[in-house]
Amino acid sequence: MTIQTSEVDWTETTSPSIKSHTLQNFRDISQIQEMSEEKQFEMEVIGNVLPFKANNYVVEQLIDWSNVPNDSMYVLTFPQKEMLLPHHYDEMAAALKSGADKKMIQETANKIRMQLNPHPAGQMEHNVPELKDGTKLYGMQHKYKETCLFFPSQSQTCHAYCSFCFRWPQFVGMDELKFAMKESESLVQYLREHPEISDVLFTGGDPMIMKARIFAGYIDALLDSNLPNLKTIRIGTKALSYWPYKFLSDNDADETLALFEKVTQKGIHLAIMAHFNHQVELSTDSVKEAIHRVRKTGAQIRTQSPVLAHINDDPDIWAEMWKKQVQLGCIPYYMFVVRDTGAQHYFGVPLVRAHEIFRNAYKKVSGLSRTVRGPSMSATPGKIQVLGVSDVGEKKVIVLRFLQGRNPDWVHKPFFAEYNENAIWIDDLKPAFGDKFFYEDELASMFANDIKTTGSDVSTAGGGPP
Ligand SMILES: *Cc1c(COP(=O)(O)O)cnc(C)c1O
Ligand code: SF4
């Protein structure tokens, strides 16, 4: 593998402009045309329920079409029949075949989506912060003391969509489910009122979908306010893997990089929380050069991904990813467990298996890759890491600990669940000793008014993000 460190003039070469492939035009892709009509119809059925958007970079440079339908990048971006449960599939297929009008199709889709549980456990209400004057900030989440998430209203989309993504309600036009805010003023005001916050994490969708001029509006508002508590700006993004030209040849590439540099020159740490699901995403010349240019601004790139069946549920893939990331100057950060994707039955990996993948990958890499933590569930009480399987006396247990907690004092205290190799989430686990996990009473009192206290976070698994 060669690493590009020289300046390649990407603007002089014929750099592509983005061409999106969606439900409306995916049948124009030549490789899709070679597939049977039946296969194309299956995609249409799924694509009417789950978000579907690929682009020319993904189609031409990341997907290995000779390996379709098993190719990881193909599964990551193109709808597969098995992503919907059979009865949901049949329902949408029947609607399409009956020649139902747009509105009917839309209603059928929404009905199925609601059953896919887009925002479990009153997530939207739990984490909505308020200003001292009582204004609710629906475009923000403040769950862990030091870090608040910010969802700019202009970043509710991505350069392509991941088929597992649980942020899909934001992309498919169910407006009432959107998290977004227009004003960076409220963000600044909130940070003033909360001196404990040191990190602002821009998320979405993908904030790097915003034109530099728009993004600058948010960044300048933060920089100009000279908040003494603001130490770090993070950007959760998948642009490096889905559209590296954002940092190379797009007409706002230089402006974007200049903005990054403005942040770091001000003495604020800029952390790009980059979402990479597979080592293929790190293999093209364009991504390598994009990483190089981003790092030159003084920004650090930290990487994260969920572990996903059909895409990366293999320790070799993770070891390879981490090694490549370190070689390119990125810092492995989180491995997540997914739960609330639209297609949990398709992508889900049980906790015990996720830990095995983590451990077997971790074994194969040097200490420089071992900055990564996981597998971690972003659940209602906090980020819970599966530390492993062990025996306590006669009892086989799963050892867990918080990496982040609603109460910061919960972190790094190992606790034990009964061994259960099918469990995919904390809700599936039972305490190994006693009848409650140590945090449950306290969590329940935090949510005295809510009914359910488990669930997962809508905020950051994308790898997301973010
Ligand atoms: C993961 C996450 C963060 C960031 O946590 P770090 O461990 O600091 O990276 C912040 N807010 C929410 C809601 C999160 O899920
Ligand atoms: S995981 Fe991230 S990049 Fe992928 S669709 Fe979701 S928000 Fe977009």
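Refer to the preceding data block for the structure.
First things first, this report covers the structure right here in the doc. (Residues numbered from 1 in each chain as written. Chains lettered and ligands numbered in written order. Predicted model: local features only at pLDDT ≥ 70, side-chain atom pairs only at ≥ 80, totals over all residues. Heavy atoms only, no water.)

Regarding its fold elements, the chain presents 16 helices and 13 strands. Taken over 466 residues, the chain has a buried fraction of 60%. Taking as baseline every contact in the chain between residues at least 6 positions apart, the subset at least 24 positions apart corresponds to 73%. Looking at the chain as shown, the accessible area adds up to about 18900 Å², and 48% of this sits on carbon and sulfur atoms. (Helix = DSSP H or I, 4+ residues; strand = E, 2+ residues; numbered from the N terminus. Buried < 20%, exposed > 50% of the residue type's maximum accessible area, 1.4 Å probe, protein only. Contact = heavy atoms within 4.5 Å. Areas by Shrake-Rupley, 256 points an atom, 1.4 Å probe, with all protein chains shown as cover.)

On to the packing of aromatic side chains. Here the structure, examined in full by the defined rule, presents 30 aromatic pairs. Between Phe150 and Tyr218, the ring centres sit 5.4 Å apart and the planes meet at 70 degrees, which makes this aromatic pair edge-to-face. A residue pair is termed long-range when its members are at least 10 positions apart, and Phe150 in strand 4 (residues 147-150) and Tyr218 in helix 9 (residues 212-224) qualify at 68 residues. The pair Phe150 / Tyr218 is uniform in exposure class, with both members buried. (Phe/Tyr/Trp six-rings, centres within 6.5 Å; stacked < 30°, edge-to-face > 60°.)

Ranked by internal contacts, the top residues of the largest apolar core, which has 132 residues, are Phe78, Leu222, Ile233, Phe260, Leu400 and Ile426. The residues touching Leu400, leaving out its near neighbours within four places in the chain, are Met377, Ile384, Gln385, Val386, Leu387, Lys413, Pro414, Phe415, Ala417, Ile426 and Leu429. Within the second largest apolar cluster, six residues are counted, among which are Tyr333, Tyr334, Phe336 and Leu403. (Core = buried A, V, L, I, M, F, W, Y, C linked by side-chain atoms within 4.5 Å.)

Taken together, the eleven strands give an open sheet; going across it, the order is 3-4-5-6-7-8-9-10-11-12-13, and neighbouring strands pair in mixed fashion. The sheet terminates laterally at strand 3 (140-144) and strand 13 (415-418), the two strands that pair on one side only. Between one strand axis and the next, the sheet turns through 30 degrees on average, direction left out of account. Packing of helix 8 (residues 184-193) onto the sheet brings it into contact with strand 3, strand 4 and strand 5 (199-202), and relative to strand 4 it is tilted by some 170 degrees. Its contacts with the sheet place helix 15 (residues 351-362) against strand 8 (300-307), strand 9 (331-337), strand 10 (373-378), strand 11 (382-392) and strand 12 (395-405), and it is angled at close to 155 degrees to strand 10. (Pairing = 2+ DSSP bridges. Axes fitted to C-alpha atoms, helices over the stretch in contact; angles between N-to-C directions.)

The immediate surroundings of ligand 2 are formed by ten residues, with Cys158, Cys162, Cys165, Lys238 and His275 found nearest. Class assignment of the residues belonging to the shell around ligand 2 gives a composition of five nonpolar, three polar and two charged. (Near = heavy atom within 4 Å. Nonpolar A, V, L, I, M, F, W, Y, C, P; charged D, E, K, R; others polar.)

The buried fraction of helix 8 amounts to seven of the ten residues, a majority that puts the element mostly inside the structure. For helix 8, the full list of buried residues reads Ser184, Ser186, Leu187, Val188, Tyr190, Leu191 and Glu193.

Now for the environment of Thr371. Tracing the backbone shows Thr371 in the loop between helix 15 and strand 10. Sequence separation between Thr371 and Trp322 is 49 residues, and the spatial gap between their C-alpha atoms is 9.7 Å. A distance of 2.7 Å separates the side chain of Thr371 from the backbone oxygen of Pro332, its partner in a polar contact. (Polar contact = N/O pair within 3.5 Å; in protein donor to acceptor, adjacent residues only side chain to side chain.)

Moving on, we come to helix 15. In a regular helix each residue adds 1.5 Å, so twelve residues correspond to 16 Å; helix 15 covers 16 Å between its end C-alpha atoms and thus fits that length. All of the buried residues along helix 15 are Leu351, Val352, Ala354, His355, Ile357, Phe358 and Ala361. Packing partners of the buried residues in helix 15 comprise strand 8, helix 13 (315-327), strand 9, strand 10, strand 11 and strand 12. (Expected span 1.5 Å × (residues − 1).)

Moving on: a nonpolar patch on the surface. Among the surface-exposed residues, Val392, Phe416 and Phe433 lie close enough to one another that they form a single nonpolar patch of about 230 Å² accessible area. Inspection of the secondary structure puts Val392 in strand 11. (Patch = residues over 30% accessible without salt bridge, like charges linked within 9 Å, V, L, I, M, F, W, Y side chains within 5 Å. Salt bridge = Lys/Arg side-chain N within 4 Å of Asp/Glu carboxyl O.)

This part takes up the pairing of strand 12. For strand 12, the buried fraction is high: eight of the eleven residues fall into the buried class. In the sheet, strand 11 pairs with strand 12 via ten bridges, with the strands oriented antiparallel. Paired with Val386 across the strands is Leu400, a residue of strand 12. Between the end of strand 11 and the start of strand 12, which pair antiparallel, lie two residues, with Gly393 showing a positive phi angle near 60 degrees. Relative to strand 13, strand 12 runs antiparallel, the two being bridged by four bridges. Each bridged residue has a counterpart across the sheet, and for Ile398 the counterpart in strand 13 is Ala417.

Quick look at the pattern of salt bridges now. Under the criterion given, the structure shown has 17 salt bridges. Note that Lys39 is salt-bridged to Glu42, the shortest N-O span being 3.2 Å. Pair noted here: Lys39 and Glu42 are both in helix 2 (residues 37-47), with a separation of three residues, about one helical turn. You can call Lys39 partly exposed: its relative accessible area is 31%. For Lys145, the salt bridge is made with Glu146, and the minimal N-O distance between the two is 3.5 Å. Judged by its relative accessible area of 44%, Lys145 is partly exposed.

The next subject is the packing of helix 13 against helix 15. Any two packed helices are characterised by how steeply their axes cross, that is the angle between the axes, and by the distance between the axes. Running from N to C, helix 13 and helix 15 point in directions that differ by 50 degrees, and their axes come no closer than 8 Å. Considered as vectors, helix 13 and helix 15 are oriented oblique to each other. In this structure, helix 13 crosses over helix 15, and the sense of that crossing is right-handed. Contacts from Pro315, Trp318, Ala319 and Trp322 of helix 13 reach helix 15 at Arg353, Ile357, Phe358, Asn360, Ala361 and Tyr362. Here the residues of the contact of helix 13 with helix 15 sort into eight nonpolar, one polar and one charged. (Parallel < 35°, antiparallel > 145°, perpendicular 65-115°, else oblique. Left-handed = near helix turned anticlockwise from the far one by under 90°.)

Such coordinate-based values are descriptive only and should not be taken to indicate function.
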